[in-house]
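Residue strings, one per chain:
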Amino acid sequence: MAEAIPEAGSVRDDEARAEYVYQLVLEGIVSGSFAQGSRLRERELSEMYSVSRIPVREAIQRLEQDGFVATFPRRGAVVRQLTLTDVNELFDVRLCLETFAARMAATRVAQDGDGGRLEELMEASKAAIDEGRTDDVVLISARFHAEIVRLSGNRLLIESVKPLFGRMRWIFGLAHNRSNELQRDEHTELCNAILAGRPELAYSLAYSHIELGREPVLAGLAETLEP
């Protein structure tokens, strides 16, 4: 959840307001409050979030850069219509980046890195699945994967994948089509490999976990998304 917006003042405050609006609109897109194809009007968002149009405009520009919004002549900014190609590309990029992150996370844990937060998220995910909290399962799963990236220690990778996890939540919120219990077991194996400091096993488990999720998600979205 976004923090309270700061009062007007410095350049840093201006950046904070744009970040505040970005996070709120992103959450609206991911949750479906802003449906695919719906217009994002600067004036309405400005009134909704009690800010001027400038941070709204900056937030929309950033959302466009991150692949959540598209702009068109006469229509302005609209929430992007996802395609099956978008979904496939997400999985392709995840196979490249998250597998590397898993290997590096395990390497760092083996060198006395702290995997405590990853273990906490693993337990939180299990609890959400056991209690049937579907929305929380998607959110915690994204945080679990993001924590693996953070554990890699690669700052450029950490910054680069932030939009990726927003897309993960967006897509998995539309269709997951895999047993949560199966996901729980795969996450547990991956978490254990990282905490045991086994880089190659962590790499392999991350790869199989991501690839096994591709077809069920594509199948679940095949009737609602264009190719």
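Calculation notes
- Residues numbered from 1 in each chain as written.
- Predicted model: local features only at pLDDT ≥ 70, side-chain atom pairs only at ≥ 80, totals over all residues.
- Heavy atoms only, no water.
- Helix = DSSP H or I, 4+ residues; strand = E, 2+ residues; numbered from the N terminus.
- Rg over C-alpha atoms; globule rule 2.2 N^0.38 Å.
- Buried < 20%, exposed > 50% of the residue type's maximum accessible area, 1.4 Å probe, protein only.
- Contact = heavy atoms within 4.5 Å.
- Areas by Shrake-Rupley, 256 points an atom, 1.4 Å probe, with all protein chains shown as cover.
- Axes fitted to C-alpha atoms, helices over the stretch in contact; angles between N-to-C directions.
- Parallel < 35°, antiparallel > 145°, perpendicular 65-115°, else oblique.
- Left-handed = near helix turned anticlockwise from the far one by under 90°.
- Nonpolar A, V, L, I, M, F, W, Y, C, P; charged D, E, K, R; others polar.
- Expected span 1.5 Å × (residues − 1).
- Bend = angle between axes of the 7 residues up to and from the residue.
- Core = buried A, V, L, I, M, F, W, Y, C linked by side-chain atoms within 4.5 Å.
- Arc of directions from axis to C-beta.

A. Representation of the overall build of the protein chain in the model. Helix and strand content of the protein chain: ten helices and two strands. Against the 2.2 N^0.38 benchmark of 17 Å for 227 residues, the protein chain shows a C-alpha radius of gyration of 19 Å, consistent with a compact globule. Seen through its principal axes, the protein chain has C-alpha atoms that stretch 50 × 45 × 35 Å. Out of the 227 residues in the protein chain, the part that is buried amounts to 43%. Residue pairs in contact within the protein chain that sit at least 24 positions apart in sequence constitute 72% of those at least 6 positions apart. Summed over all atoms, the accessible surface of the protein chain reaches about 12,100 Å², with 49% contributed by carbon and sulfur.

B. Looking closely at the environment of Glu 58. Among the structural elements, Glu 58 can be located in helix α3 (residues 53-65). Separated by 156 residues in sequence, Glu 58 and Arg 214 have C-alpha atoms that sit 33 Å apart. Look past the residues within four positions of Glu 58 in its chain and what remains in contact with it is Asp 14 and Ala 18.

C. Broad picture of the packing of helix α4 (residues 84-110) against helix α6 (residues 134-152). Where α4 meets α6, the closest approach of the two axes is 7 Å, and the angle between their N-to-C directions is 60 degrees. Judged by the angle between their axes, α4 and α6 are oblique. Considering the relative orientation of α4 and α6, their crossing is left-handed. Across the interface between the two elements, Arg 94, Glu 98, Ala 101, Ala 102, Met 104, Ala 105 and Arg 108 from α4 touch His 145, Ile 148, Val 149, Arg 150, Leu 151 and Ser 152 from α6. Its residues assigned to classes, the contact of α4 with α6 comprises seven nonpolar, two polar and four charged.

D. Molecular detail of the environment of Leu 221. Considering the arrangement of structural elements, one finds Leu 221 in helix α10 (residues 199-221). When its relative accessible area of 2% is taken as the criterion, Leu 221 is described as buried. If near-sequence neighbours (up to four positions away) are discounted, Leu 221 is found in contact with Leu 84, Val 87, Ile 171, Leu 174 and Ala 175.

E. Structural detail: α4. Under the 1.5 Å per step criterion, the end-to-end length of α4 is 38 Å for 27 residues, consistent within 8% with the ideal 39 Å. A maximum bend of about 30 degrees is found in α4 at Arg 94. A positive phi of about 75 degrees marks Asp 112, the residue just after α4.

F. The arrangement of the nonpolar core in detail. Within the largest apolar cluster, 64 residues are counted, with the highest numbers of intra-cluster contacts made by Val 25, Leu 40, Ile 148, Leu 190 and Ile 194. In terms of residue count, α4 provides more of this core than any other element does, ten residues in total.

G. Representation of helix α5 (residues 116-130) in the model. Its 15 residues place the ends of α5 21 Å apart at the C-alpha level, agreeing with the 21 Å of an ideal helix rising 1.5 Å per residue. Those residues of α5 that fall on the buried side of the exposure criterion are Leu 118, Leu 121, Met 122, Ser 125, Ala 128 and Ile 129. All buried residues of α5 project into a common sector of 125 degrees when viewed along the axis, lining one side. Lining the buried residues of α5 we find α6 and α9 (180-195). Directly after α5, the chain includes Gly 132, whose backbone phi takes a positive value near 70 degrees.

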